[in-house]
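Residue strings, one per chain:
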Amino acid sequence: QVVTITATYTVGAGIEEDTYTNSVSVFSPDDDNPDNNTDSDDPEVNVNGDVSISKTDGEAVVTAGDGVTYTYTILVTNNGPSNADDVVVSDDWPVEFTQGTVTSSQGTVTETGTDFTVDVGTMAPDQVVTITATYTVGAGIEEDTYTNSVSVFSPDDDNPDNNTDSDDPEVN
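All values derive from a computational prediction rather than experimental measurement. (Residues numbered from 1 in each chain as written. Predicted model: local features only at pLDDT ≥ 70, side-chain atom pairs only at ≥ 80, totals over all residues. Heavy atoms only, no water.)

Peer 1: Can you tell me about the packing of aromatic side chains, naming the residues and giving the values?
Peer 2: Tallying each qualifying case throughout the model produces seven aromatic pairs. With a centroid separation of 4.9 Å and 20 degrees between ring planes, the pair formed by Tyr-72 and Tyr-135 is classed as stacked. A residue pair is termed long-range when its members are at least 10 positions apart, and Tyr-72 in strand S7 (residues 70-78) and Tyr-135 in strand S12 (residues 128-137) qualify at 63 residues. As far as the burial class goes, Tyr-72 and Tyr-135 line up, both buried. Summarising the aromatic geometry, the rings of Phe-97 and Tyr-135 are spaced 4.8 Å apart at their centres and angled 10 degrees between planes, so their arrangement reads as stacked. Placement of Phe-97 in strand S9 (residues 97-104) and of Tyr-135 in strand S12 is noted, with a sequence separation of 38 residues between them. Exposure remark for Phe-97: the relative accessible area of 2% places this residue in the buried category. Grouped by ring-pair contacts, the aromatic residues Tyr-70, Tyr-72, Trp-93, Phe-97, Phe-116, Tyr-135 and Tyr-146 constitute a single cluster. Over the face of the ring belonging to Tyr-72 we find Lys-55, whose NZ or CZ atom lies 4.5 Å from the ring centre. (Phe/Tyr/Trp six-rings, centres within 6.5 Å; stacked < 30°, edge-to-face > 60°. Helix = DSSP H or I, 4+ residues; strand = E, 2+ residues; numbered from the N terminus. Buried < 20%, exposed > 50% of the residue type's maximum accessible area, 1.4 Å probe, protein only. Lys NZ or Arg CZ within 6 Å of the ring centre and 35° of its normal.)

Peer 1: A description of the sheet that holds strand S13 (residues 144-145) should follow, citing residues and the corresponding values.
Peer 2: The mixed open sheet is built from three strands, whose spatial order is S6-S16-S13. Unpaired on one side and paired on the other, strand S6 (61-62) and S13 mark the two borders of the sheet. The pairing of S13 with strand S16 (residues 170-171) spans two bridges and is antiparallel. Bridged to Thr-145 within S16 is Glu-170. (Pairing = 2+ DSSP bridges.)

Structure follows, in structure tokens:
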């Protein structure tokens, strides 16, 4: 007689990438062949986070020397399905803009010269981290279009196509 037992399971978003062993055994005091009483399955678990980033200051044109403090809003999203660990955001700030305050809803901000990074850490699926950065444009800045680029990285990210964004305000 054959008895079939079905067990279902789910893999949580925070599990580490590895191979996991699931073992089963059967026992009967009447079994004359105990060598075939155990079996196992070794599924490999892959971690597939998908971090993406967007950046805007909502301004197409800014005026040099106007004294206005503008704000960039950067949104970092983990589109999942797994956690994204060791998430880091890097922002290449235009030297022509005077950077003000940089804050993040999660992680540690490090400012290096005119650029900054945010060590976000681990992001759960569907989690959004908001980073804001204020700036002003000095009176001596020439009329031109200036690019402010931002990127996000996680070793768990399987989709690098959505890991960069930029905003290109024109200075009058």
